[in-house]
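Here are the chains, one letter per residue:
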Amino acid sequence: MDKLKKLIEQGIKFSIVGVFNTLIDMGVFYLLTLIAFFAKYYLLANVISYTCGVVNSLFMNKAFTFKEKGRMGAIRVIAFFMINVLSLGVSTLVLKICCDSIGMAYMMGKLIAVIASLGVNFVLNKLIVFRDI
């Protein structure tokens, strides 16, 4: 039962960190798309804004969600970033479908893309990067 309680607690904390990451991601995305170049190349804006959220995610999840002490090691950091590259791919694909195929506004498509990549990100991070915690 303690493992289940810990998993639920980590899931809640991961979601809280995710809110901050999402605010950073969406805020940077919004600001970038105010610039004509990024309004035209909104998928590039998505990559930049998502990366800002990922950097925040690494530090907050390490310290707050999984309470990892000390250095993570290169393999775990690389795994973390690879998982986030996969999540970015999911996010970008969903954003492209929402905006180009369905015709949604950028911010609505971005919100749906964030939701689509959240579950994949938590499960893979828990099973691979922070598995021992």
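Here is what the cut-offs are and how they apply
Residues numbered from 1 in each chain as written. Predicted model: local features only at pLDDT ≥ 70, side-chain atom pairs only at ≥ 80, totals over all residues. Heavy atoms only, no water. Axes fitted to C-alpha atoms, helices over the stretch in contact; angles between N-to-C directions. Helix = DSSP H or I, 4+ residues; strand = E, 2+ residues; numbered from the N terminus. Parallel < 35°, antiparallel > 145°, perpendicular 65-115°, else oblique. Left-handed = near helix turned anticlockwise from the far one by under 90°. Nonpolar A, V, L, I, M, F, W, Y, C, P; charged D, E, K, R; others polar. Salt bridge = Lys/Arg side-chain N within 4 Å of Asp/Glu carboxyl O. Buried < 20%, exposed > 50% of the residue type's maximum accessible area, 1.4 Å probe, protein only. pLDDT = per-residue confidence, 0-100. Contact = heavy atoms within 4.5 Å.

Student: Looking at this structure, I do not really get the packing of helix 4 (residues 74-102) against helix 5 (residues 106-129). What am I missing?
Tutor: Between helix 4 and helix 5, whose axes approach to 8 Å, the crossing angle comes to 155 degrees. Comparing their axes, helix 5 and helix 4 come out roughly antiparallel. At the point where helix 4 passes helix 5, the crossing takes the right-handed sense. When its residues are assigned to classes, the contact of helix 4 with helix 5 shows 17 nonpolar, 7 polar and 2 charged.

Student: What is the right way to read the pattern of salt bridges from this model?
Tutor: Side chains bearing opposite charge may pair, as long as their charged atoms lie close to each other. Within this structure, the stated rule accounts for 3 salt bridges. The residue Glu 9 makes a salt bridge to Lys 13 at a minimum N-O spacing of 3.2 Å. Of this pair, Glu 9 and Lys 13 both sit in helix 1 (residues 2-33), 4 residues apart, roughly one helical turn. Relative accessible area serves as the criterion here: at 37%, Glu 9 is assigned to the partly exposed category. Lys 13 sits in the buried class, given a relative accessible area of 13%.

Student: Please explain the environment of Met 82 as it appears in this structure.
Tutor: Residue placement: Met 82 occurs in helix 4. Each C-alpha atom, one on Met 82 and one on Val 123, is 14 Å from the other, the two residues being 41 residues apart in sequence.

Student: Sorry, what's going on with the confidence of the model for the protein chain here?
Tutor: Per-residue confidence for the protein chain averages 88 on the pLDDT scale, and 98% of its residues sit at or above 70. Across the protein chain, the secondary-structure element scoring lowest on mean pLDDT is helix 5, at 86, and the one scoring highest is helix 2 (residues 36-40), at 95.

Student: Looking at this structure, I do not really get the side chain of Ser 87. What am I missing?
Tutor: Note that Ser 87 resides in helix 4. Ignoring sequence-local partners within four residues, the contact set of Ser 87 consists of Tyr 50, Ser 117, Val 120 and Asn 121.

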